[in-house]
Amino acid sequence: MALLLAGCGSDGTDKAARDRSSAPRTSATAATQSPDPDVTPDESPSASSRPTDDSLPTAPPADASAQVDEAFRAAGVVALQGNLRYIDPALGAPEDIDKADAQCADLQRNVANPDQVVARRLSTANHKVTTADGKRINMLLSNTYCG
């Protein structure tokens, strides 16, 4: 009976495997490690899908900046709606966004009693917003929404 002990007296790592894993991979090594020996590097699926210099865009579309601005505005509105609902579940309707925009203008003008102003602005006949919630709303608008 023969017993073969691989790696006896070492730190348990295989030096040959370590050398293979640390060697830089090139297209030649990738081709030799191909799972399908019948596929050559020229026939690989990724080789045919590589863009050529002729198919790459030369510059972003002219309206890309406007599209990015619109996307950021939409994300800000969604975040504001969620935050308003967190403060008061009755808030966050689309018309509240218009009221928040008007409140931003008042905050920039340093209107007197802004907490009372926003509480009145967002209150409806069926729901009253408190001055304490108005203060929270102004903090929210000042810190995250008003630009």
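Criteria and cut-off values
Residues numbered from 1 in each chain as written. Predicted model: local features only at pLDDT ≥ 70, side-chain atom pairs only at ≥ 80, totals over all residues. Heavy atoms only, no water. pLDDT = per-residue confidence, 0-100. Helix = DSSP H or I, 4+ residues; strand = E, 2+ residues; numbered from the N terminus. Core = buried A, V, L, I, M, F, W, Y, C linked by side-chain atoms within 4.5 Å. Buried < 20%, exposed > 50% of the residue type's maximum accessible area, 1.4 Å probe, protein only. Contact = heavy atoms within 4.5 Å. Disulfide = S-S within 2.5 Å. Axes fitted to C-alpha atoms, helices over the stretch in contact; angles between N-to-C directions. Parallel < 35°, antiparallel > 145°, perpendicular 65-115°, else oblique. Left-handed = near helix turned anticlockwise from the far one by under 90°. Nonpolar A, V, L, I, M, F, W, Y, C, P; charged D, E, K, R; others polar.

All right, on to the confidence of the model for the protein chain then. For the protein chain, per-residue confidence averages 78 on the pLDDT scale, and residues scoring 70 or more make up 61% of the total. The least confident element of the protein chain, judged by mean pLDDT, is helix H2 (residues 27-32) at 52; the most confident is helix H6 (residues 114-122) at 96.

Counting residues in each nonpolar core, the largest one holds 18 residues, and the members touching the most others are Leu80, Ile137, Leu141 and Tyr145. At the level of elements, helix H4 (64-87), helix H5 (94-108), H6 and helix H7 (131-145) are the ones that each hand at least two residues to this core. With residues near it in sequence (within four places) discarded, isoleucine 137 still touches Leu84, Ile87, Leu91, Val118, Leu122 and Val129.

Before going further, it helps to examine the state of the cysteines. Throughout this description, disulfide means a covalent bond between two cysteine sulfur atoms. Going through the model one piece at a time under the given rule, you end up with 1 disulfide. With its sulfur 1.9 Å from that of its partner, cysteine 104 forms a disulfide with cysteine 146. Here the disulfide of cysteine 104 and cysteine 146 is left-handed, its torsion about the S-S bond being about -80°. One end of the pair, cysteine 104, is in helix H5; the other, cysteine 146, is in the segment after H7, and 42 residues separate them in sequence. Assigned by exposure class, cysteine 104 and cysteine 146 land together as buried.

Where H5 contacts H6, the axes come no closer than 10 Å and their chain directions differ by 160°. Considering the angle they form, H5 stands roughly antiparallel to H6. In the crossing of H5 with H6, the sense of the turn from one axis to the other is right-handed. In this structure, H5 contributes Asp96, Lys99, Ala102, Gln103, Asp106 and Leu107 to the contact, and H6 contributes Pro114, Val117, Val118, Arg121 and Leu122. Here the residues of the contact of H5 with H6 sort into 6 nonpolar, 1 polar and 4 charged.

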